[in-house]
Amino acid sequence: MKQWYQRRVRGLLFFVLLPQHHPSLHMGSTTQIVDLSSLPTTADGKPIIPPISLNSNCPYSILKRNAIVKGVLGLGLVLFEDCYYCFADEEAMDEFISNPKQILDGVLDKVNNEVGLMDRIMGVEQSEVQDETISETSSSKCDGGTQTDTHPVPAYKDPTYTWNEWEMRRKAVKLIDLRNKATHSTQTTKSNFRRDAQTQIYVPKANETQTGINKGTSVPKKVNYVGGIRGDPQKTKKLNVVKLELDL
C-alpha cells in the first residue's frame, strides 16, 4: 500500500512539474541541446520559447546545490523526453546531459520529501510576496468608526419562561408529584457531632470606685556636689563634697 502511494505521488508530481509535450518535436529518451536561434520566430523576429519544465528553474541547482535558481536562456535549452530544461550555468548543463534521468529522479524524490518545495519551485511564495508589496504601496486609507450605546437597556428575560405547552405540563406534573412525597432524614454517630450548637453567657458588669479626697506628699530633694575636681596648682585646696537640699 505504501509503495503504491509513493508511485501515485511521483506520478502526480510529474504531471504538475512537467509541462505539456511540445507538439512539434518528439525526441524519445535522448538529450539534445536546443539553440534559441533554431527555434521558430514570430513576425518580430523573436524566438518562440516552448514551455520549460520546473518553471524555468535549474534542476541541477535544486538537487545538488539546494537552491532554486532561474535558468539562463542564453545557454540554450536541453530537450529530454519531450520536455525542455533550462540551466543556471554550463557546469549544471553538462552534469544534466551526462545523467539526466538520475537528476530528475532525485528532484522528484526531494520534492516528495520536503514540504513546500514544489510551491517554491512553481513560484507560489514569490507571487504572494509580490502581491503584498503591491498592496502595501498602493493601499488606500479611509476613515472608519463604530458607535455603541452609552447606556444600553438591559434585556429583561425570564429564565423560567417557556413557550412549549408540553414543557409547562411536565413542570406541573412534577409539582403535583412532589405533593405526595415526604422528606426523610437520618442521623448517624458521626453526624451528631456536626450539629449546630449555641450557648449564651452573661457579660460581666463594669465596676467603678470613687474616693472622696485626693492626697499627695512631696519630699525634699537631696543633691551632693563634689568640688575641686579640676585640681589646684598650688595644692592648697582638697576635694570637698557640697550637700544641698532642694525643696521643690
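The preceding data block contains the structure.
Everything in this summary refers to the structure shown in the same document.

Cut-offs and rules
- Residues numbered from 1 in each chain as written.
- Predicted model: local features only at pLDDT ≥ 70, side-chain atom pairs only at ≥ 80, totals over all residues.
- Heavy atoms only, no water.
- Pairing = 2+ DSSP bridges.
- Helix = DSSP H or I, 4+ residues; strand = E, 2+ residues; numbered from the N terminus.
- Axes fitted to C-alpha atoms, helices over the stretch in contact; angles between N-to-C directions.
- Buried < 20%, exposed > 50% of the residue type's maximum accessible area, 1.4 Å probe, protein only.
- Core = buried A, V, L, I, M, F, W, Y, C linked by side-chain atoms within 4.5 Å.
- Contact = heavy atoms within 4.5 Å.

Looking now at the sheet that holds strand S1 (residues 31–34). If you walk across this open sheet you meet the three strands as S1-S2-S3, and the pairing is antiparallel. At either margin of the open sheet sits one strand with a lone partner, and together these are S1 and strand S3 (83–85). Sheet twist, expressed as the mean angle between neighbouring strand axes with direction ignored, is 30°. Two strands pair when backbone bridges link them, and S1 and strand S2 (residues 77–80) are joined in this way by four bridges, in the antiparallel orientation. Bridge pairing in S2 links valine 34 to leucine 77.

A few words on unusual backbone geometry. At asparagine 55, a position not held by glycine, the phi torsion is positive, near 60°. If you trace the backbone, asparagine 55 turns up in the loop between S1 and helix H2 (59–64). Phi at asparagine 66 is positive, roughly 55°, even though this residue is not glycine. Summarising the element assignment, asparagine 66 is placed in the loop between H2 and S2. Relative accessible area serves as the criterion here: at 60%, asparagine 66 is assigned to the exposed category.

Counting 18 residues, the largest nonpolar core has Tyr85, Phe87, Phe96, Val107 and Ile121 as the members making the most contacts within it. Listed by contribution, the elements that provide at least two residues to this core are H2, S2, S3, helix H3 (90–98), helix H4 (100–113) and helix H5 (117–121). For valine 107, the contacting residues outside a window of four places in its chain are Leu54, Pro59, Ile62 and Leu63. Ile52, Leu79, Tyr84 and Cys86 belong to the second largest nonpolar core, which has eight residues in total.

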